[in-house]
Amino acid sequence: MKQDLTDLREKLQALLSEQHMQYQQGKVADYIPALAEVNPALMGVAIATIDGQIIGAGQDKTPFSIQSISKIFGLVMAMNRIGDSLWQRINMEPSGQPFNSIIQLEWEKGIPRNPMINAGALLIADVLASHFSSSKLAFLSFMRQLAGSEAVQIDRNVYQSELAHGNRNAALAYLMKSFGNIDAEIPSVLSHYFTQCSVTMSCQQLARSLLFLANKGKDPYTNSNICSAKDAHRINAILSTSGMYDQSGEFAFSVGLPAKSGVGGGVIAVVPSFGVICAWSPPLNPYGNSVVGINLITDIAETLGLSIYH
Ligand SMILES: NC(=O)CC[C@H](N)C(=O)O
């Protein structure tokens, strides 16, 4: 699907204006205190297409904390590194629980339901910390490669804040270790996880960096294979069923795109064979998903008829 996106820029601007006051319906995450310092009224949106176009509106070039959107990139690195053996340690089922829930993890003997909840992302962080000599540097350079920019940074303030308020994530990691499903020492697992959550990127950078998921695993800018076509399919499937946590069913029902949110207020949605949408607005709904981010992606998907279930 090749189309001229010039008209779309105005449409994005109009959709953003409609959302102008809607951020007040949500609440900025404050369980990580550094995230509460962000201006709640900021918002941006960008669409990157696999034919190399990027358009955006609002604060689409302002970096924000990618938080759980980083779980996608960690998963790609782990799949590439250890292959299908990964799926003996982690499942691919929706959890139906909040993103940081611990209750299911004990029933299910330390095997996380999927890589998009915190337990799953900590398991992935263990794989990376155990298989890379410096997993944090490897993660950052992967992000820079995908974004096509050395400007991608880690926000030290957010990192320290997560570390200082990371008791629940520590509990998840220790519980998995008690079941023998974590190899590395817990502090290095947490340090990797908080580092990847603390990466800051803009809507434009995030949309571009995920194009490989819309393009059968291949980065259209460099033509390099970021993952296999089979793994791109699998990741899109996991995003469809688990990317929006316990709102994933509703999101599939109303929007119909593989998607992922983060508590920094970012939401990305993959449109296979077309491109990637990224919307950002910090205030969250009770599921931990950006209120305006979801509204914008819903409107764009409807306007352009992008659902994968058509
Ligand atoms: N949903 C999220 O974005 C959660 C990520 C956050 N760093 C946490 O561990 O709680």
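Bear in mind that the values here come from a model prediction, so they are computed numbers and not experimental data. (Residues numbered from 1 in each chain as written. Predicted model: local features only at pLDDT ≥ 70, side-chain atom pairs only at ≥ 80, totals over all residues. Heavy atoms only, no water.)

### Description of the overall build of the chain
A tally of regular secondary structure across the chain gives 13 helices and eight strands. Taking 19 Å as the expected radius of gyration for a compact globule of 310 residues, we find that the chain reaches 18 Å, a close match to that expectation. Referenced to the eigenvectors of the C-alpha coordinate spread, the extents of the chain come out at roughly 55 × 40 × 35 Å. Classification of the 310 residues of the chain by burial places 59% in the buried group. (Helix = DSSP H or I, 4+ residues; strand = E, 2+ residues; numbered from the N terminus. Rg over C-alpha atoms; globule rule 2.2 N^0.38 Å. Buried < 20%, exposed > 50% of the residue type's maximum accessible area, 1.4 Å probe, protein only.)

### Things to note about the sheet that holds strand 4 (residues 153–154)
The three strands are arranged 3-5-4 in an open sheet whose pairing can be described as antiparallel. Looking at strand neighbours, the two that pair on one side only are strand 3 (64–65) and strand 4, the edges of this open sheet. Direction of pairing for strand 4 relative to strand 5 (residues 199–201): antiparallel, over a ladder of two bridges. Across the sheet, residue Ile 154 finds its bridge partner in strand 5, namely Val 199. (Pairing = 2+ DSSP bridges.)

### Digging into the site of the ligand
Not every one of the 13 residues close to the ligand is listed here, only the nearest: Tyr 31, Gln 67, Ser 68, Glu 162 and Tyr 193. Between an oxygen atom of the ligand and a side-chain N or O atom of Ser 68, the distance comes to 2.7 Å. Contact between the ligand and Val 263: an oxygen atom at 2.8 Å from a main-chain N or O atom of the residue. Contact with the protein chains covers 99% of the free accessible surface of the ligand, which is 290 Å². (Near = heavy atom within 4 Å. Polar contact = N/O pair within 3.5 Å; in protein donor to acceptor, adjacent residues only side chain to side chain. Areas by Shrake-Rupley, 256 points an atom, 1.4 Å probe, with all protein chains shown as cover.)

### Some remarks on the packing of aromatic side chains
Using the criterion set out here, one finds four aromatic pairs in the structure. Pairing Tyr 31 with Phe 99 gives two aromatic rings, centres 6.3 Å apart and planes at 45°, and the pair type is tilted. Here Phe 99 lies in the loop between helix 2 (70–82) and helix 3 (103–107) and Tyr 31 lies in the loop between helix 1 (6–18) and strand 1 (44–49), a separation of 68 residues in the sequence. Looking at Tyr 31, the relative accessible area reads 37%, which means it is partly exposed. Here the aromatic rings of Phe 64 and Trp 280 are separated by 4.9 Å at their centres, their planes lie at 5°, and the arrangement is stacked. Separated by 216 residues along the polypeptide, Phe 64 in strand 3 and Trp 280 in strand 8 (residues 275–280) bring together distant segments of the chain. The ring of Phe 132 has Arg 81 sitting right over it, with the charged end atom 4.1 Å from the ring centre. (Phe/Tyr/Trp six-rings, centres within 6.5 Å; stacked < 30°, edge-to-face > 60°. Lys NZ or Arg CZ within 6 Å of the ring centre and 35° of its normal.)

### A look at the environment of Ser 134
Mapped onto the secondary structure, Ser 134 falls in the loop between helix 4 (118–131) and helix 5 (135–147). For Ser 134, a relative accessible area of 31% puts it in the partly exposed group. For the pair Ser 134 and Leu 42, spaced 92 residues apart in the sequence, the C-alpha separation amounts to 34 Å.

### Remarks on the domain arrangement of the chain
Along its sequence, the chain is organised into domain 1 (6–64 + 203–223 + 232–304) and domain 2 (68–197). A C-alpha centroid distance of 21 Å is found between domain 1 and domain 2. Each partner contributes to the interface: domain 1 provides 31 residues, whereas domain 2 provides 32 residues. Regarding the contact of domain 1 and domain 2, the summed buried area is about 2600 Å², with carbon and sulfur atoms giving 71% of it. Looking only at domain 1, the three residues that lose the most surface to domain 2 are Ile 235, Ile 238 and Tyr 245, adding up to 21% of its buried area. If you look at where domain 1 meets domain 2, you find one salt bridge. (Domains from an automatic or database assignment. Contact = heavy atoms within 4.5 Å. Buried area = accessible area lost by both parts, 1.4 Å probe. Salt bridge = Lys/Arg side-chain N within 4 Å of Asp/Glu carboxyl O.)

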